[in-house]
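Here are the chains, one letter per residue:
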Amino acid sequence: MMSIIFNEENKTFHLYNDTISYIMTVLPNGTMGQLYFGKRIRPRGEYAHLIEMQPRAMGSYVYEGIRTLSLEHMKCEYGTYGSTDYRFPAVEILQENGSRISEFCYTSHTITPGKPKLAGLPATYTEDDSEAETLTLVLTDRVSGVQLELLYTIFAHGGILARSARFSNIGNQTLHLLKAMSLCLDLPDCDYDFMHFSGAWSRERHVKVRHLESGIQSVGSMRGHSSHEHNPFVILKRPTADEFQGEVLGFSLIYSGNFLAQAEVDTHDTTRILMGIHPEWFDWKLVPGETFQTPEAVMVYTDRGINDMSQTFHELYRSRLARGYWRDRPRPILINNWEATYFDFTEEKLLTIAKTAKECGIELFVLDDGWFGQRRNDRAGLGDWKVNTDLLPDGITGIAEKIEALGMKFGLWFEPEMVNKDSDLYRAHPDWILSVPERNHSHGRYQHVLDFSRKEIVDCIYDMMADVLGTAKVSYVKWDMNRSITECWSHALSPDRQGEVFHRYILGVYDLYERLTSAFPEILFESCASGGARFDPGLLYYAPQCWTSDDTDAIERLKIQYGTSYCYPVSSMGAHVSVSPNHQVFRTTPLHTRANVACFGTFGYELDLSRLSEDELCQVKKQVAFMKEYRALLQFGTFYRLESPFGGNITAWMSVSDNADRAVVGWYRTLNAVNAPYSRLRLKGLDPDRLYKVRVDDRLIGEFYGDELMYAGLVTSDGSSGEILDGQKPSCDFDSRLFILEG
Ligand code: DGJ
């Protein structure tokens, strides 16, 4: 159970549940100070000793004669710059007289059961008020007339705290909000490793670790989307912590646009974490009576290692961020035509692939890019969401019916936010793209970004999409987004509001998602942005799964899926078996390894199945049958990372069912070894007293108790540790095995 206690006498708040405590107090100058965030400590009235007020030489002090009150040395709850605190601030407000100083003093607070919605923004939620409690701190800056509400939701279970900030202009000045972070957290020391998940197109979310040092370290995006390059998720872990023990803090921003995640270590070795909308180019005009709500950030604390932190995020994001019909349902096994045909398809070709897929047991056929307008390559057509009847003579309605007649569901690709100059939409509305008058229009993949900050544009795209989705039998939508934003300027906003466009754009994206998912609640939405450029919690609120990467090579995917799993659940990761040699890295890998990697995701195929040999088709049938039997466990079980592809030649992970009666272990070896050491893999999360039958494919390899498998380990040595015995399969590069445990 959780609780929020307010001590009236010393104006101290203590939020706690079984796992964590979060304590803050009103400082002598009326602003809020941060006292503690970590493992739960017992509630008691007095924590004044945690406010360290040691006088120091050469300080700047708030009041004359009091050498103990310097915000520079305080752990502040929501830091401001300019009045003795010299660290990067959480907030910056430009006032009419040019000053940017603010002093937010405690005014009042409310404690309410459950969790309020954040207007127009994705956020975690409760289904029942008993699941969480919310503290709203009301602070006021007297001079600018801004009321700041800091929202804190503590959940009943797990070390989770959700935070956001809301600014209301209750005065009479016209203000500009130049910085409005979702969270600020001052920690008393800096003995942490900073982990982030960074990369590029086709190598998203690789794990990066560095020790915190004096100064600032940050990741962020200024590309208009959360990006391939960095992810709005960072970890601070104690250097001695690992996957299974030690203190770990995770910080995740539920947002899909420009973001900043920053750790600043000051000269006294305290750490300030800031997370929120990237302040670069952010300038939100706040006129009297207006309110600005920041996105939500989620902090997770555990002292049980990184896996435990990940599992906390998985559970929260799977069940209290993702929503709708598909949230708890095992996901359909799909075939996507992109890597099978690219733009070069006919209806006949698509139906041939679909028929073979149906024979293999595949449930959903997805028609990717190229079905609309004059789209025969990437130079034309985006924006014209009307079927090309030269390609599909009976329209989307016709092909959807033909697929349904085969006994499969039908899915369709859109890229709603984009337009090619060679399109009817652009010809009719050249001022609908983000662009600056008289300046060059930079492009990405020959496409331009529609100004989703404008409601009439979002309405127009909604109408076109709803027309298709409302008339044809479409069960799945892949929503793509294939470029970063440039020349971010709206033809509809006044010059003093141009700093709002990046954020208004994302609000437009959320609005379209909200409208479509409400109008078509049973359609499964998968988000995508050239693979994983928008693999973020913001979109998980609308689309419970996301195309993890355009890189479909199984060996590259080990790193990508492993890195993604630090924050995001298996049920959110789109993962497909593609052709070999692979189209991104031209690597040849065995079919079983491609499936063994993809099955830890929302599984599908993306190749021309009609070109496979009989033997390969037979393997595909078996893989599909396996997935149907185990997908609930793989997608919704408790996921453990066991061995990291960033560390060596072996990768391993596993999913365990809720009552630990079943588990699937994925074991992958990048390069084959000769006369290799004997090897064992220590499993996790099993019932120590349960006897498990362990199989690889249909071969029973033994019966072992959970304690043996967890503490002594599962023997994984094979022929490459010596000689190949009769009946053993010779191993090869890029080999893998799935161990199936049933108890
Ligand atoms: C990028 C996506 O990530 C691919 O899967 C595919 O849909 C292409 N776009 C289509 O243009």
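Everything numeric in this text was worked out from a predicted model, so none of it was measured.

### Describing the overall build of the chain
If you tally the helices and strands in the chain, you get twelve helices and 38 strands. Relative to its length of 743 residues, the chain is compact, with a C-alpha radius of gyration of 27 Å against a globular reference of 27 Å. For the chain, restricting intrachain contacts to residue pairs at least 6 apart in sequence, the fraction spanning at least 24 positions comes to 69%. Taken as a whole, the chain presents about 27,600 Å² of accessible surface, with 50% of it coming from carbon and sulfur. Considering the chain, the positive charge centre built from 75 side chains and the negative charge centre built from 100 side chains are found 1 Å apart.

### Focus: the site of the ligand
Around the ligand, the structure places 13 residues, and the nearest of them are D368, D369, K478, D480 and D550. Between an oxygen atom of the ligand and a side-chain N or O atom of D368, the distance comes to 2.6 Å. Measuring from a nitrogen atom of the ligand, one finds a side-chain N or O atom of N482 at 3.4 Å. Looking at the shell around the ligand, its residues break down into four nonpolar, three polar and six charged.

### Concerning helix α1 (residues 305–320)
Over its 16 residues, α1 extends 22 Å from the first C-alpha to the last, a length consistent with the 22 Å expected when each residue adds 1.5 Å. With respect to burial, α1 is a largely interior element, 15 of its 16 residues being buried.

### Things to note about the environment of V509
Within the secondary structure layout, V509 lies in helix α7 (residues 501–519). Classification of V509 as buried rests on a relative accessible area of 1%. Separated by 232 residues in the primary sequence, V509 and L741 have C-alpha atoms spaced 43 Å apart.

### Re the packing of helix α9 (residues 554–564) against helix α10 (residues 591–598)
One way to put it is that α9 packs onto α10 with a least axis distance of 9 Å and a crossing angle of 15 degrees. The angle between the axes of α9 and α10 places the two elements in the roughly parallel class. Two packed elements cross with a definite hand, and for α9 against α10 that hand is left-handed. Here A554, I555, R557, L558 and Q561 of α9 come into contact with α10, specifically with T593, R594 and V597. In terms of residue class, the contact of α9 with α10 is made up of four nonpolar, two polar and two charged.

### Points about unusual backbone geometry
Apart from glycine, the bulk of residues carry a negative phi angle, and the bulk of peptide bonds sit in the trans form. Cis geometry marks the peptide bond from S580 to P581, where omega comes out at 0 degrees. Turning to its location among the elements, P581 is positioned in the loop between β29 (573–578) and α10. Positive phi outside glycine occurs at W281, with the angle close to 70 degrees. Within the fold, W281 resides in the loop between β17 (271–277) and β18 (284–286). Of the residues examined, W281 reaches a relative accessible area of 55% and is grouped as exposed.

### Notes on the pattern of salt bridges
Counted under the stated rule, the structure contains 53 salt bridges. One salt bridge connects R587 with E556, and the closest N-O pair in it is separated by 3.3 Å. A residue pair is termed long-range when its members are at least 10 positions apart, and R587 in the loop between β29 and α10 and E556 in helix α9 qualify at 31 residues. Under the relative-accessibility criterion, R587 is labelled partly exposed at 22%. A salt bridge links R669 to D718; the nearest nitrogen and oxygen atoms lie 2.8 Å apart. Of this pair, R669 sits in strand β33 (residues 662–669) while D718 sits in the loop between β37 (714–715) and β38 (735–742), and the two are 49 residues apart along the sequence.

### Notes on the side chain of R87
Along the polypeptide, R87 turns up in the loop between β4 (32–39) and β5 (91–94). Classification of R87 as buried rests on a relative accessible area of 5%. A polar contact is formed between the side chain of R87 and the backbone oxygen of L71, at a distance of 3.0 Å. A distance of 3.0 Å separates a polar atom in the side chain of R87 from a polar atom in the side chain of D85. Those residues within four positions of R87 in sequence are excluded, and the remaining contacts are L71, E72, M74, C76, Y81, D186, E264, D266, T270 and R272.

### Looking at the domain arrangement of the chain
Domain assignment breaks the chain into domain 1 (2–320), domain 2 (334–420 + 472–482 + 521–632) and domain 3 (650–742). Spacing between the C-alpha centres of domain 1 and domain 3 amounts to 43 Å.

### Details of the packing of aromatic side chains
Summed over all chains, the structure comprises 42 aromatic pairs. Between the aromatic rings of Y562 and Y566, the centroid separation amounts to 6.1 Å while the plane-to-plane angle is 65 degrees, which identifies the pairing as edge-to-face. Residue Y562 shares its accessibility class with Y566, and that shared class is buried. Seen in terms of ring centroids, Y562 and W653 are 6.3 Å apart; in terms of plane orientation they differ by 25 degrees. Their pairing is stacked. Remark: W653 occurs in strand β32 (residues 650–656) and Y562 occurs in helix α9; sequence separation between them is 91 residues. Judged by its relative accessible area of 1%, Y562 falls in the buried class. Note on W653: relative accessible area 1%, which makes it buried. Site record: aromatic cluster; members linked through ring pairs are F197, F233, F313, Y317, Y562, Y566, F600, F639, F646, W653 and Y668. The aromatic ring of Y192 is capped on one face by R238, whose charged end is 4.1 Å from the ring centroid.

### Concerning the sheet that holds strand β28 (residues 545–547)
Within the closed barrel, the eight strands sit side by side as β21-β22-β23-β26-β27-β28-β29-β30. Their pairing is parallel. On average, adjacent strands in this sheet sit at an angle of 30 degrees to one another, irrespective of strand direction. One ladder, built from two bridges, connects strand β21 (residues 334–336) with strand β30 (residues 602–606); its direction is parallel. By the bridge assignment, L334 is partnered in β30 with G604. Together, β22 (364–367) and β23 (409–414) form the strand contacts of helix α4 (residues 395–405), whose direction differs from that of β23 by roughly 145 degrees.

### Re α4
Burial in α4 covers these residues: G395, I396, G398, I399, A400 and I403. Lining the buried residues of α4 we find α3 (347–360), β22, β23 and α6 (455–471). Positioned one or two residues after α4, G407 has a phi angle of 95 degrees, which is positive.

### Focus on the environment of T153
Mapped onto the fold, T153 is located in strand β8 (residues 146–155). On the basis of relative accessibility, which here comes to 4%, the residue T153 falls in the buried class. Placed 19 residues apart in sequence, T153 and N172 show a C-alpha to C-alpha distance of 31 Å. Not counting residues within four places of it along the chain, the set of residues in contact with T153 comprises G114, K115, A132, E133, T134, I160, L161 and A162. A polar contact of 2.9 Å, which involves the side chain of T153, links it to the side chain of T134.

Rules behind the numbers
- Residues numbered from 1 in each chain as written.
- Predicted model: local features only at pLDDT ≥ 70, side-chain atom pairs only at ≥ 80, totals over all residues.
- Heavy atoms only, no water.
- Helix = DSSP H or I, 4+ residues; strand = E, 2+ residues; numbered from the N terminus.
- Rg over C-alpha atoms; globule rule 2.2 N^0.38 Å.
- Contact = heavy atoms within 4.5 Å.
- Areas by Shrake-Rupley, 256 points an atom, 1.4 Å probe, with all protein chains shown as cover.
- Lys, Arg positive; Asp, Glu negative; His and termini not counted.
- Charge placed at Lys NZ, Arg CZ, Asp CG, Glu CD.
- Near = heavy atom within 4 Å.
- Polar contact = N/O pair within 3.5 Å; in protein donor to acceptor, adjacent residues only side chain to side chain.
- Nonpolar A, V, L, I, M, F, W, Y, C, P; charged D, E, K, R; others polar.
- Expected span 1.5 Å × (residues − 1).
- Buried < 20%, exposed > 50% of the residue type's maximum accessible area, 1.4 Å probe, protein only.
- Axes fitted to C-alpha atoms, helices over the stretch in contact; angles between N-to-C directions.
- Parallel < 35°, antiparallel > 145°, perpendicular 65-115°, else oblique.
- Left-handed = near helix turned anticlockwise from the far one by under 90°.
- Salt bridge = Lys/Arg side-chain N within 4 Å of Asp/Glu carboxyl O.
- Domains from an automatic or database assignment.
- Phe/Tyr/Trp six-rings, centres within 6.5 Å; stacked < 30°, edge-to-face > 60°.
- Lys NZ or Arg CZ within 6 Å of the ring centre and 35° of its normal.
- Pairing = 2+ DSSP bridges.

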